[in-house]
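What follows is the residue order along each chain.
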Amino acid sequence: MLNRIQVQRIRAIGLTVSDADRSQDFYTQALGFEPVSDITVETEDYSDLVGVAEATIRIVTLQLGDEVIELMQYLNIQGKPIPKDSQSNDLWFQHLAIAVSDMDRAYAHLRSFPIEPISVAPQTIPPDNKASAGVRAFKFKDCDRHPLELIWFPADKGQDKWHQQSDRLFLGIDHSAIAISNTENSLKFYRDLLGMQVEGGSFNQGKTQARLDNLPEEVEVQITALRPDRGGLGIELLDYIVPPNSHPMPSNWKSYDIANMQIELVVNNIEQAVEMLRQNGVEIVSSRVVKFTEKWYPYHQGCLVKDPDGHGMLLIVLSTQ
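Quick look at the structure, then.

What counts, and at which threshold
- Residues numbered from 1 in each chain as written.
- Predicted model: local features only at pLDDT ≥ 70, side-chain atom pairs only at ≥ 80, totals over all residues.
- Heavy atoms only, no water.
- Helix = DSSP H or I, 4+ residues; strand = E, 2+ residues; numbered from the N terminus.
- Buried < 20%, exposed > 50% of the residue type's maximum accessible area, 1.4 Å probe, protein only.
- Contact = heavy atoms within 4.5 Å.
- Pairing = 2+ DSSP bridges.
- Axes fitted to C-alpha atoms, helices over the stretch in contact; angles between N-to-C directions.
- Salt bridge = Lys/Arg side-chain N within 4 Å of Asp/Glu carboxyl O.

### What to know about the environment of Met196
In step 1: Relative to the assigned elements, Met196 resides in the loop between helix H4 (183–193) and strand S11 (197–205).
In step 2: Exposure remark for Met196: the relative accessible area of 1% places this residue in the buried category.
In step 3: With 119 residues separating them along the chain, Met196 and Leu315 place their C-alpha atoms 13 Å apart.
In step 4: Excluding residues that lie within four positions of it along the chain, Met196 makes contacts with Val7, Tyr190, Arg191, Leu226, Arg227, Pro228 and Ile235.

This is the structure:
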């Protein structure tokens, strides 16, 4: 029996976008991200990686603090937009939680841009929720309607780095939260197969969560926080009990559809990892474990897989390993 995979850290989070220039302008101007690189790939290797034949993809890499996102525009394929009636309890829901040093200032700055709010206004988790009491959050959508969240942590919550002295308003990405259908099934994937550590969690309900998610007031959601072995950027599992999950991830959605996001998980032995996932019935999107020979590419090997609810996880081996 193979040992479980040990995900070391999350390198980046990729978002499929309809216009990379427009998205770059939004993330740099509204949220303080900084440009890192801008490349166009049209190789057979990358097409095999994302499961899309003859793809031509522009990838704009942006950084905020220690964290990185990749804006991926498919130049020769028109992807489906995110459904207009999307809600937080749809199983394709996935957001980036951007840590801020001052919620009121960050919210005021953000409102000067053409965002689509999800939350009524910034919400403060009440004292009776001991795991998250005092955390402030505001959810909204970017120009392609990808969900995003501003999050502020009180002194006794969150990673130490969010409490270091800084003159920056937007600090970095704390986690990516994904809607799931069953906590135990997802833990079998993320904890038992991928070796991620359960860091904590909370049970959120009532008016505050309803205003945060723009859902009915009787909302109940079980949240489980996970981080890789070396810490850093994490994943949160959002298991909506009430209202129950609204829509599953459509089986015909592809990497070029705008709802697509993929989390890049750094592993040591990718062949062993993919074989273990295959043995456990995990969906493998890539036609093979792809090896990149271009020295400018940020990773040496990659293979795209799906979690139990269809969220994209890109296993990678870094070029420097």
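### Considering unusual backbone geometry
Across the chain, the bulk of peptide bonds are trans and the bulk of non-glycine residues have phi less than zero.
In step 1: Residue Val242 is joined to Pro243 through a cis peptide bond whose omega torsion reads -15°.
In step 2: Within the secondary structure, Pro243 is located in the loop between strand S13 (234–242) and strand S14 (261–266).
In step 3: At Glu54, a residue that is not glycine, the phi angle is positive and equals roughly 55°.
In step 4: Note on placement: Glu54 falls in the loop between helix H2 (44–50) and strand S3 (57–64).
In step 5: With relative accessibility at 70%, the residue Glu54 sits in the exposed group.
In step 6: Located in the positive-phi region is Asn214, a residue other than glycine, with phi close to 55°.
In step 7: If you trace the backbone, Asn214 turns up in the loop between helix H5 (207–213) and strand S12 (220–227).

### Examining the sheet that holds strand S2 (residues 34–41)
In step 1: What the eight strands build is an open sheet, ordered S2-S3-S4-S1-S14-S17-S16-S15; its pairing is mixed. Across the chains shown, the open sheet's two edge strands, defined by having one partner strand only, are S2 and strand S15 (290–291).
In step 2: Bridge count for S3 against strand S4 (residues 67–74) is eight bridges, and the pairing is antiparallel. The residue of S4 that forms the bridge with Thr61 is Glu70.
In step 3: Contacts between helix H1 (residues 20–31) and the sheet are confined to strand S1 (9–16), S2, S3 and S4, with S3 contributing the most and set at about 5° to the helix.

### Concerning the pairing of strand S17 (residues 312–318)
In step 1: The element S17 is largely enclosed, with a buried count of seven among its seven residues.
In step 2: Of the two faces of S17, both are covered, the one formed by Gly312, Leu314, Ile316 and Leu318 as well as the one formed by Met313, Leu315 and Val317.
In step 3: Pairing analysis gives five bridges linking S14 to S17, with the strands arranged parallel. Bridged to Leu265 within S17 is Leu315.
In step 4: Here strand S16 (residues 299–306) folds back onto S17 in antiparallel fashion, the turn holding five residues, of which Gly310 has a positive phi close to 100°.

### What about the pattern of salt bridges?
In step 1: Under the definition given, this model contains 19 salt bridges.
In step 2: A salt bridge links Asp144 to Arg22; the shortest N-O distance between them is 3.1 Å. Remark: Arg22 occurs in helix H1 and Asp144 occurs in the loop between strand S8 (136–141) and strand S9 (147–152); sequence separation between them is 122 residues.
In step 3: Overall, Asp144 belongs to the buried group, its relative accessible area being 9%.
In step 4: Owing to a relative accessible area of 36%, Arg22 belongs among the partly exposed residues under this scheme.
In step 5: Two residues, Arg227 and Glu199, come together in a salt bridge whose shortest N-O distance is 2.9 Å. One end of the pair, Arg227, is in strand S12; the other, Glu199, is in strand S11, with 28 residues separating them in the sequence.
In step 6: Residue Glu199 is classed as partly exposed on the basis of its relative accessible area of 49%.

Nothing here speaks to function; it is all geometry.
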